[in-house]
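Tertiary structure, described
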Amino acid sequence: MKIQIINGPNLNLLGIREPETYGSQSFEAFLEGLQAAYPAITFSYEQSNVEGELINMIQEAGYGSDGIILNAGGYTHTSVAIRDAIKAVPAPVVEVHISNVHAREEFRHHSLLSAVCRGVIAGFGLDSYRLAVEALQGTNKS
Ligand code: CA2
């Protein structure tokens, strides 16, 4: 099984800034542990701060992988274009958030992406990504 993890804007700062909200581990360190925990899965990871690049990644992985774990960061709440990209590809997409967006500011309570994703996981720190792996493993792709 091939899973593509895509992180959006500012998530390159994980482990460096705002540890009280996003934890103190870098995504690269977390990914090493995730790969070790799921040796039968091939993980690929990409991050971009640029909306169009995220769309290119979704289009590519949407045909080249068995599932996408997407944390679109702030674009979650604003991007019609990312929603359209998710809707256009056959691979299941799981929307993840590190923080519990529903316990934060009102503008984070609404996602433009959730309705076109297979499901949403939020609020479990980086463990949200592992839970998304579990979800994709159980996903019937047909
Ligand atoms: O909780 C999440 O995973 C979010 O997707 C993170 C986004 C935020 O806009 C969403 O509402 C919820 C922000 C990502 C910023 O990431 C940082 C990581 C470390 C330090 C600073 C920012």
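Everything discussed here concerns the structure shown above.
Now for a look at the structure at hand. (Residues numbered from 1 in each chain as written. Predicted model: local features only at pLDDT ≥ 70, side-chain atom pairs only at ≥ 80, totals over all residues. Heavy atoms only, no water.)

Some words on the overall build of the chain
We count it as follows: In DSSP terms, a helix is any run of H or I states spanning at least four residues, a strand is any run of E spanning at least two, and both are numbered starting from the N terminus. Computation of the radius of gyration draws on C-alpha atoms alone. For the globule rule, the value is 2.2 Å times the number of residues to the power 0.38. Classification of residues uses two cut-offs on accessible area relative to the type maximum, computed with a 1.4 Å probe and protein chains only: under 20% is buried, over 50% is exposed, and between them is partly exposed. We call two residues in contact when some of their heavy atoms are within 4.5 Å. Using a 1.4 Å probe, the Shrake-Rupley method yields the accessible areas, and only the shown protein chains count as cover for residues. By the counting rule applied here, Lys and Arg register as positive and Asp and Glu as negative, while His and the ends of each chain are not counted. Working definition for charges: the position is that of NZ of Lys, CZ of Arg, CG of Asp or CD of Glu.
Broken down by element type, the chain carries 5 helices and 5 strands. Ordered by position from N to C terminus, the α and β elements of the chain give β-α-α-β-α-β-α-β-β-α. Against the globule reference of 14 Å for 142 residues, the chain gives a C-alpha radius of gyration of 14 Å, in line with a compact fold. Considering only C-alpha atoms, the chain reaches an extent of 40 × 35 × 25 Å along its principal axes. Per-residue burial for the chain yields a buried fraction of 44% across its 142 residues. Of the contacts made within the chain by residues no fewer than 6 positions apart, 79% connect residues no fewer than 24 positions apart. Put simply, the chain shows about 7100 Å² of open surface, and 50% of that area lies on carbon and sulfur atoms. In the chain, 9 side chains carry a positive charge and 15 a negative one; their mean positions are 6 Å apart.

Points about the sheet that holds strand E4 (residues 93-97)
Test applied: By definition, two strands form a pair when at least two bridges between them are found by DSSP. Note on method: axes are straight lines fitted to C-alpha atoms, helices fitted across the in-contact stretch only, with angles between N-to-C directions ranging 0 to 180 degrees.
An order of E2-E1-E3-E4-E5 is seen for the 5 strands of this open sheet, with the pairing classed as parallel. Among the strands making up the open sheet, the edge pair consists of strand E2 (42-47) and strand E5 (119-122). Between one strand and the next, the sheet's axes are offset by a mean angle of 20 degrees, whatever the strand orientation. The sheet contacts of helix H2 (residues 27-37) involve strand E1 (2-7) and E2, and relative to E2 the element is tilted by about 170 degrees. Packing of helix H3 (residues 51-64) onto the sheet brings it into contact with E1, E2 and strand E3 (67-71), and relative to E1 it is tilted by some 170 degrees.

Concerning the site of the ligand
The cut-off we apply is this: We call a residue near a molecule or strand as soon as one heavy atom of that residue lies within 4 Å of the molecule or strand. What qualifies as a polar contact is a pair of N or O atoms within 3.5 Å, subject to a donor-acceptor requirement within protein and to the restriction that residues adjacent in sequence count only when both atoms come from side chains. Note on residue categories: nonpolar means Ala, Val, Leu, Ile, Met, Phe, Trp, Tyr, Cys or Pro, charged means Asp, Glu, Lys or Arg, and polar means any other residue, Gly included.
Lining the immediate surroundings of the ligand are 17 residues, of which Asn-71, His-77, Ile-98, Ser-99 and Arg-108 lie closest. Arg-108 places a polar side-chain atom, nitrogen or oxygen, 2.8 Å from an oxygen atom of the ligand. Notes on the ligand: free accessible area 510 Å², of which the protein chains cover 94%. Its residues placed into classes, the shell around the ligand shows 7 nonpolar, 7 polar and 3 charged.

Some words on the nonpolar core
Stated precisely, the cut-off is as follows: We call a set of buried residues a nonpolar core when its members are Ala, Val, Leu, Ile, Met, Phe, Trp, Tyr or Cys and they connect through side-chain atoms within 4.5 Å of each other.
Residues Ile-5, Phe-43, Ile-69 and Tyr-129 are the most contacted members of the largest nonpolar core, which totals 21 residues. Elements with a contribution of two residues or more to this core: E1, H2, E4 and helix H5 (127-137). Apart from residues lying up to four places away in sequence, Tyr-129 is in contact with Ile-5, Asn-7, Phe-27, Phe-30, Ile-69, Asn-71, Val-96 and Ile-98. Among the nonpolar cores identified, the runner-up in size contains 19 residues, and Met-57, Ala-72, Ala-85 and Cys-117 belong to it.

What about the packing of aromatic side chains?
Convention followed: Pairing of aromatic rings covers Phe, Tyr and Trp, the last through its six-membered ring, and needs centres within 6.5 Å; plane angles under 30 degrees mean stacked, over 60 mean edge-to-face, and all others mean tilted.
Under the criterion given, the structure shown has 5 aromatic pairs. On the basis of an interplanar angle of 75 degrees and a centroid distance of 6.4 Å, the ring pair of Tyr-38 and Phe-43 is categorised as edge-to-face. Summarising the burial analysis for this pair, Tyr-38 and Phe-43 share the class buried. Of the aromatic side chains, those joined through ring pairs into one cluster are Phe-27, Phe-30, Tyr-45 and Tyr-129.

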